Amino acid sequence: MNLALLTAEFEPSQLRAVASTDDEGRGMVRLVGVPGAAVRLAGLLAGLVDGDGGAP
């Protein structure tokens, strides 16, 4: 996940994936970062769903 975020030009100080566990001990990945980076990631993902390749 972190490699994908770096490829999408996110700096680790902006947004990074962190291994964690839920309340029942199951593995999960959390995204940690600044709000602006989360908004940018949401836009990229929405673009993929819309079929425009994540273009703004």
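Provided above is the structure to which this section pertains.
Quick question: what am I supposed to make of the overall build of the protein chain here?
For the protein chain, the count of helices and strands is two helices and two strands. Tracing the protein chain from N to C terminus, the helices and strands come up as α-β-β-α. Relative to the compact-globule value of 10 Å for 56 residues, the protein chain shows a C-alpha radius of gyration of 13 Å, a clear excess of over 25%. Along the first, second and third principal axes, the C-alpha atoms of the protein chain reach 40 × 25 × 20 Å. Scored against the burial criterion, the 56 residues of the protein chain give a buried share of 14%. For the protein chain, contacts bridging at least 24 residues in sequence account for 24% of all contacts bridging at least 6. As displayed, the protein chain has an accessible area near 4200 Å², and 60% of this comes from carbon and sulfur atoms. Distance between charge centroids for the protein chain: 7 Å, based on 4 positive and 7 negative side chains.

Just to check I follow, could you spell out unusual backbone geometry for this structure?
Of all residues except glycine, most have a negative phi; of all peptide bonds, most are trans. With a phi close to 70 degrees, Glu9 is a non-glycine residue in the positive phi region. In this fold, Glu9 is placed in the loop between helix H1 (2-7) and strand S1 (15-21).

Even after reading the chapter, I still don't get the pairing of S1, so can you show me in this structure?
Regular strands show a simple pattern: their side chains alternate between the two faces of the sheet. Relative to strand S2 (residues 27-33), S1 runs antiparallel, the two being bridged by seven bridges. Paired with Thr21 across the strands is Gly27, a residue of S2.

What counts and how
- Residues numbered from 1 in each chain as written.
- Predicted model: local features only at pLDDT ≥ 70, side-chain atom pairs only at ≥ 80, totals over all residues.
- Heavy atoms only, no water.
- Helix = DSSP H or I, 4+ residues; strand = E, 2+ residues; numbered from the N terminus.
- Rg over C-alpha atoms; globule rule 2.2 N^0.38 Å.
- Buried < 20%, exposed > 50% of the residue type's maximum accessible area, 1.4 Å probe, protein only.
- Contact = heavy atoms within 4.5 Å.
- Areas by Shrake-Rupley, 256 points an atom, 1.4 Å probe, with all protein chains shown as cover.
- Lys, Arg positive; Asp, Glu negative; His and termini not counted.
- Charge placed at Lys NZ, Arg CZ, Asp CG, Glu CD.
- Pairing = 2+ DSSP bridges.

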